[in-house]
Amino acid sequence: NASNLVNLSKKLLIFFLLTIILILWAIYFLNKDFFQLETLFSNLEIIQNFILQNFFVSIFIVILSYSFLIMCNFPFASLLSMINGFIFGTWIGGAISIIGGTIGAFCVFLIAKFFFLDLIKRKFLNKYSGIQNYFYKNDLELMLLIRIIPAIPFFLQNLILAGLGAKNKKFFYTTLIGLAPWSFIFGSIGQGLEDIFINKTQLTFSMVAQPEYMIPLSLIALLILFILIFKKKFKDQN
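Anyway, here's the lowdown on the structure attached to this text. (Residues numbered from 1 in each chain as written. Predicted model: local features only at pLDDT ≥ 70, side-chain atom pairs only at ≥ 80, totals over all residues. Heavy atoms only, no water.)

### Some thoughts on the overall build of the chain
Rules: Starting at the N terminus, helices and strands are each numbered in turn, a helix being any DSSP run of H or I of at least four residues and a strand any DSSP run of E of at least two. Burial here depends on accessible area, computed with a 1.4 Å probe over protein chains only, as a share of the maximum for the residue type. Under 20% is buried, over 50% is exposed, and the range in between is partly exposed. We get accessible surface area from the Shrake-Rupley algorithm with a probe of 1.4 Å; when it comes to residues, only the shown protein chains can shield them.
On a plain count of helices and strands, the chain comes out with 14 helices and 0 strands. Traced from its N-terminal end to its C-terminal end, the chain shows the element sequence α-α-α-α-α-α-α-α-α-α-α-α-α-α. Expressed as a percentage of its 238 residues, the buried residues of the chain come to 35%. Accessible surface for the chain amounts to roughly 14,500 Å². Of this, 70% is attributable to carbon and sulfur atoms.

Printed below as a string of structure tokens:
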């Protein structure tokens, strides 16, 4: 019947997704030496020439790759964000991380809602009913707090929000906003990798006190201040 076909389709899709993820992880573990910063630096000229000749194609490839790695819960997402900043600069690299991270997170979110909703609720949310109650009253605040304050692993954040029943549109734009500060911060750190690792420049305050570093740091400070003010206002109202 129809329900059996739906269940079979779900199982086949889960098997397909898990197979892809396992293959990716196997490639990573069998070629760990390749996935090092030294590999990037040793092929830097080839990469830069390709980007110069295929700028928009390069951005598209990196966004797609970043999204896929986020979907597969690939380790060192912050390092990938720094590499984006190193290759494309703070602002373009940061924007790539935001877009790629949001697309990857949204895909995980949709997959979790479609395939694993009951499992997430049973294994996690039923034990922490307080989170659910808070979410129903302050969904936007909680979604932004989860993104901006990195206390929970990124992949797990997406599963939790799926289990809480976050709306697709709210999930998408809160992820887009919430990823911005950290993406630009890691992008700005990445922009300095060439000076630190290739040119062997000593890290000094004057090097850090530049717009590409200070603006992202100021941005996250303002966001934290906004959250604290918002929480105080909410408490005063209750």
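There is more to say, and it comes next.
### Quick look at the packing of helix H3 (residues 44–53) against helix H4 (residues 55–71)
Heads up, the rule is: A fitted line through C-alpha atoms represents every axis, and for helices the fit uses only the stretch in contact; the resulting angles, taken between N-to-C directions, go from 0 to 180 degrees. What sets the label is the angle itself: under 35 degrees gives roughly parallel, over 145 gives roughly antiparallel, 65 to 115 gives roughly perpendicular, and the rest give oblique. Contact criterion: two residues are considered in contact whenever any of their non-hydrogen atoms come within 4.5 Å of each other. Ten residue types, Ala, Val, Leu, Ile, Met, Phe, Trp, Tyr, Cys and Pro, are classed as nonpolar, four, Asp, Glu, Lys and Arg, as charged, and the remainder, Gly among them, as polar.
For the pair H3 and H4, interaxial distance at closest approach is 5 Å and the crossing angle is 115°. By the criterion of interaxial angle, the relationship of H3 to H4 is roughly perpendicular. In contact with Phe50, Ile51 and Gln53 of H3, H4 contributes Phe55, Ser58 and Ile61. Looking at the contact of H3 with H4 residue by residue, the classes come out as 4 nonpolar, 2 polar and no charged.

### Concerning the packing of H4 against helix H6 (residues 90–115)
Packed helices, taken two at a time, are described by the angle between their axes plus the distance between the axes. Inclusion rule: If you view the pair so one helix is near and one far, a crossing is left-handed when the near helix is turned anticlockwise from the far one by less than a right angle, and right-handed when it is turned clockwise.
The N-to-C vectors of H4 and H6 enclose an angle of 40°; their axes lie 7 Å apart at closest approach. Of the possible angle classes, the one that applies to H4 and H6 is oblique. Of the two possible hands of crossing, H4 and H6 adopt the one that is right-handed. Only Ile92, Ile96, Ser97, Ile99, Gly100, Gly101, Ile103, Gly104, Ala105, Cys107, Val108 and Ile111 of H6 make contact with H4, whose side of the interface consists of Phe55, Ile59, Val62, Ile63, Tyr66, Ser67, Ile70 and Met71. Class assignment for the residues of the contact of H4 with H6 results in 15 nonpolar, 5 polar and no charged.

### Some words on a nonpolar patch on the surface
Using the following cut-off: Patches were defined on residues exceeding 30% relative accessible area and lacking a salt bridge, with like-charge contacts within 9 Å and nonpolar side-chain contacts (Val, Leu, Ile, Met, Phe, Trp, Tyr) within 5 Å. A side-chain nitrogen of Lys or Arg and a carboxyl oxygen of Asp or Glu constitute a salt bridge if their distance falls within 4 Å.
Residues Phe50, Val57, Phe60, Ile61 and Leu64 make up a contiguous nonpolar surface patch of about 480 Å² in total accessible area. Its location among the elements puts Leu64 in helix H4.

### Describing helix H5 (residues 77–88)
Rule in force here: One less than the number of residues in a helix, times 1.5 Å, gives the span that helix is expected to have.
With 12 residues, H5 extends 16 Å from end C-alpha to end C-alpha; this agrees with the ideal 16 Å at 1.5 Å per step. Along H5, the residues that are buried comprise Leu80, Ser81, Met82, Ile83, Asn84, Gly85, Phe86 and Phe88. Following H5 by one or two positions, Gly89 has its phi on the positive side, about 95°.

### Side note on the nonpolar core
Threshold: As used here, the term nonpolar core means buried Ala, Val, Leu, Ile, Met, Phe, Trp, Tyr and Cys residues forming a set that is joined through side-chain atoms within 4.5 Å.
By size, the foremost hydrophobic cluster in this structure holds 15 residues, and its most contacted members are Phe109, Phe135, Met143, Leu161, Leu164, Ala166 and Phe171. Where this core is concerned, the elements lending two or more residues are H6, helix H9 (139–148) and helix H10 (154–164). Those residues in contact with Ala166, other than ones at most four positions away along the chain, are Phe109, Lys113, Phe135, Met143 and Leu161. Counting residues in hydrophobic clusters, the runner-up holds 8 residues, among them Leu24, Tyr28, Leu69 and Cys72.

### Things to note about the pattern of salt bridges
Opposite charge on two side chains permits them to pair, given that their charged atoms come into close proximity. Within this structure, the stated rule accounts for 1 salt bridge. Between Asp139 and Lys170 there is a salt bridge, with its nearest N and O atoms 2.7 Å apart. Of this pair, Asp139 sits in helix H9 while Lys170 is found in helix H11 (residues 168–191), placing the two residues 31 residues apart along the sequence.

### Points about the packing of aromatic side chains
Put simply, the test is: Any two rings among Phe, Tyr and Trp, with Trp reduced to its six-membered ring, count as a pair given centres within 6.5 Å; such a pair is stacked if its planes are under 30 degrees apart, edge-to-face if over 60, and tilted if neither.
Applying the stated criterion to the full structure yields 8 aromatic pairs. On the basis of an interplanar angle of 80° and a centroid distance of 5.4 Å, the ring pair of Phe55 and Phe56 is categorised as edge-to-face. Judged by its relative accessible area of 68%, Phe56 falls in the exposed class. Between Phe106 and Phe171, the aromatic rings sit 6.1 Å apart at their centres with planes inclined by 35°, giving tilted as the arrangement. Linking Phe106 in helix H6 with Phe171 in helix H11, this pair joins segments that are 65 residues apart in sequence. Both residues of the pair, Phe106 and Phe171, count as buried.

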